[in-house]
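Residues per chain are reported as follows:
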Amino acid sequence: MKEELLTDALLREFLLGKVGDAERERLEGLFLTDSEARERVLVVEQELIEDYLEDNLTTEDRENFLLRYGQTSEQQQQLRISKAIKDWALRENARIQPVSVGLSGWSRLLATMRLRPFFVIPIAVTMVIAIVCLAVWLNSRMTRTAIAEELAQLNTPASLRETPEKMSGLQLSPGAVRGMEKELVLKRADLTGLVELTLLWVQKEHYPTYRAEIRRLTGDEPFTILNLQPDQDGIRLRLPARILSRGQYQVLLTGIDANGVAGTTEEYLFTLES
Amino acid sequence: MARDSAIPPESFEEILAWLNADRDVAAVMYVQLRHDLAKLFMWGRCGDPEGLTDEAFDRVAKKIHEVRPTYEGDPRLYFRAVANNLIKENHKKVKTHVPLEDVDLPDRQTTEIDEEIAADMEECLQLCLQKLGANKRELILAYYAKEKQAKIDHRNELAQKFGITVETLRVRVFRIRESLAECIERCLKRKAQGK
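Bear in mind the structure is a predicted one, so any value in this text is a computation, not a measurement.

## Things to note about the overall build of chain A
Then comes step 1: From N to C terminus, chain A includes nine helices and nine strands.
Then comes step 2: The proportion of buried residues among the 274 residues of chain A is 20%.
Then comes step 3: When contacts within chain A are restricted to residue pairs at least 6 apart in sequence, those whose partners lie at least 24 apart make up 70%.

Quick look at the structure:
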């Protein structure tokens, strides 16, 4: 896809019917044949709908928008669904927010109780620490969520069929087989983009899918990747290199049978050096 | 309204074979192409995108035996050309557009969704949010936390927090939101059929 020829502004014009025939033809062709371009068009379309719902469109754009997105009952239902999702998110966020403004309520309570300053200061400090801890915890939780999402996306069967440009491939044997072999040691600087681990499965029992848990052996919480499908070389697991830091890593690979029951687990280890 | 397409089985098979040699891949492409053509009709301001999509496939099915052997390039572009003709024909047929005041707008401007529809929507939304899983739900929640100008800064901050670009964040949210919207749509359809 030629990024420079496909800006958000152009796509908005296209979606509102404000481009010439030749450009429209080009964009429609890209939309049908280039999956990346298609997704970009749909992302911009979603934002256009969002702008309509927030009343951010000019009168002309609003009219153009409604001629395309508000005519049939199906289209109107789509708009209602978008609105329902947005309203839910705003409602939920408004509900959650009072937690962070709890201080003012607390202050009022203190005032009512007429506490002396030497009580108020430690309490305020404790509350500030608690809020900072909560913020740090929320931040790390969101980061974890994003990584978990990314891992799931990278390891879908469709994603695994693609071969990204920057990818290092590594083959790992399970601990039991490796036995006398030296443990695999990698240089952090050698890894860029994605790392694809091919986990050899040497057990007699084979499974339709596998579950992988990867973690650094320093007490980090593991990330779990579900629904990995085996191929002739083993079970492939992709990781973004940027989430890997110095230390020893453990991958636990568990076979999952057709009924979703966990079977044999194999352990794989590798070490990352700076 | 979508109508039942009457593509003969052999033409249908030929369309699949034209789209891709692997039948499974072709089937996925076929479903996506239907969806995408409906979008083209919608963007072309046609009142019945689903029906016109059927019509486009019918037309291609009728001509595929003669077109396929000589056509060069991505077959989806041939479908685009057929769709384009249909849009032009549709505009000729419907000389006048529906005046804006006659368009049944969603609730913000004019209509009040009646309570039953609103209740169904809420029920389906909650059901689908449950199915979505906590991580995705939290991401959607965070992404739509702000409106208007404030949302731009907020989304930049959110992308920074996740260590990804805003573009990646937009695509990620788009995919989640699409699956959520599809789930709600299916749920509403089931409810409508049950009444």
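So that's the structure; there's more coming.
## Observations concerning the overall build of chain B
Then comes step 1: When helices and strands are counted, chain B shows eight helices and zero strands.
Then comes step 2: Ordered by position from the N terminus, the helices and strands of chain B form the series α-α-α-α-α-α-α-α.
Then comes step 3: Burial statistics for chain B: of 195 residues in total, 25% are counted as buried.
Then comes step 4: Nonlocal contacts in chain B, meaning residues at least 24 apart in sequence, comprise 60% of its contacts between residues at least 6 apart.

## A word on helix α2 (residues 23–43) of chain B
Then comes step 1: End to end, α2(B) covers 30 Å across 21 residues, agreeing with the expected 30 Å (1.5 Å per residue, within 8%).
Then comes step 2: Among all positions in α2(B), only B:Leu33, B:Asp36, B:Leu37, B:Ala38, B:Lys39, B:Leu40, B:Phe41, B:Met42 and B:Trp43 are buried.
Then comes step 3: Lining the buried residues of α2(B) we find α1 (8–15), α2 (21–33), α4 (59–69) and α5 (73–96) of chain A together with α3 (49–67) and α4 (75–93) of chain B.

## Section: the sheet that holds strand β9 (residues 262–273) of chain A
Residue and element names in this part refer to chain A.
Then comes step 1: Strand order across the open sheet formed by five strands is β2-β9-β8-β4-β5, with mixed pairing between neighbours. For this open sheet the edge positions go to β2 (184–187) and β5 (223–228), each flanked by a neighbour on one side alone. When the angles between neighbouring strand axes are averaged without regard to direction, this sheet yields 25 degrees.
Then comes step 2: Across eight bridges, strand β4 (residues 209–216) lies against strand β8 (residues 247–256) in antiparallel orientation.

## A few points about the pairing of β4(A)
Then comes step 1: Direction of pairing for β4(A) relative to β5(A): antiparallel, over a ladder of four bridges. Paired with A:Ala212 across the two strands is A:Ile225, which belongs to β5(A).

## Some remarks on the confidence of the model for chain B
Predicted coordinates in regions of low pLDDT should not be interpreted in detail.
Then comes step 1: When pLDDT is averaged along chain B, the result is 86; 87% of the residues meet or exceed 70.
Then comes step 2: Taken together, the chains of this predicted complex give a pTM of 0.59 and an interface ipTM of 0.86.

## Some points on the nonpolar core
Then comes step 1: Residues A:Leu15, B:Leu37, B:Phe41, B:Ala56 and B:Ala83 are the most contacted members of the largest nonpolar core, which totals 35 residues.
Then comes step 2: The set of elements that each furnish at least two residues to this core consists of α1, α2, α3 (35–53) and α4 of chain A together with α1 (9–19), α2, α3 and α4 of chain B.
Then comes step 3: Of all hydrophobic cores here, the second largest spans 19 residues; its members include A:Ala212, A:Leu237, A:Val251 and A:Tyr268.

## Thoughts on the interface of chain B and chain A
Then comes step 1: Listed as interface residues are 44 residues of chain B and, on the opposing side, 42 residues of chain A.
Then comes step 2: Among the elements that make up the side of chain B that touches chain A, the one with the highest residue count is helix α8 (residues 166–193) of chain B (nine residues).
Then comes step 3: Taken together, the residues that form the side of chain B that touches chain A break down as 25 nonpolar, four polar and 15 charged.

## Points about the packing of helix α6 (residues 134–143) of chain B against α8(B)
The angle between the axes and the distance between the axes are what describe a pair of packed helices.
Residue and element names in this part refer to chain B.
Then comes step 1: Taken N-terminus to C-terminus, the directions of α6 and α8 make an angle of 115 degrees; their axes are 10 Å apart at the nearest point. In the packing of α6 onto α8, the handedness of the crossing is left-handed. When α6 is examined against α8, the residues Lys136, Leu139, Ile140 and Tyr143 are found in contact with a partner set consisting of Arg172, Val173, Ile176 and Arg177.
Then comes step 2: For the contact of α6 with α8, the per-class residue count stands at five nonpolar, no polar and three charged.

## A few points about the sheet that holds strand β1 (residues 167–172) of chain A
All names here are of chain A.
Then comes step 1: Judged by pairing direction, the sheet is mixed, and its four strands sit side by side in the order β1-β3-β7-β6 without closing on themselves. Since the sheet does not close on itself, it has two edges, and those belong to β1 and β6 (230–231), each with one partner.
Then comes step 2: Pairing of β1 with strand β3 (residues 194–199) involves six bridges; the strand directions are parallel. Across the sheet, the residue bridging to Leu170 is Leu197, located in β3.

What counts and what doesn't
- Residues numbered from 1 in each chain as written.
- Chains lettered and ligands numbered in written order.
- Predicted model: local features only at pLDDT ≥ 70, side-chain atom pairs only at ≥ 80, totals over all residues.
- Helix = DSSP H or I, 4+ residues; strand = E, 2+ residues; numbered from the N terminus.
- Buried ≥ 20, exposed ≤ 12 C-beta atoms within 10 Å, placed from the backbone.
- Contact = placed C-beta atoms within 7 Å.
- Expected span 1.5 Å × (residues − 1).
- Pairing = 2+ DSSP bridges.
- Axes fitted to C-alpha atoms, helices over the stretch in contact; angles between N-to-C directions.
- pLDDT = per-residue confidence, 0-100.
- Core = buried A, V, L, I, M, F, W, Y, C linked by C-beta atoms within 7 Å.
- Nonpolar A, V, L, I, M, F, W, Y, C, P; charged D, E, K, R; others polar.
- Left-handed = near helix turned anticlockwise from the far one by under 90°.

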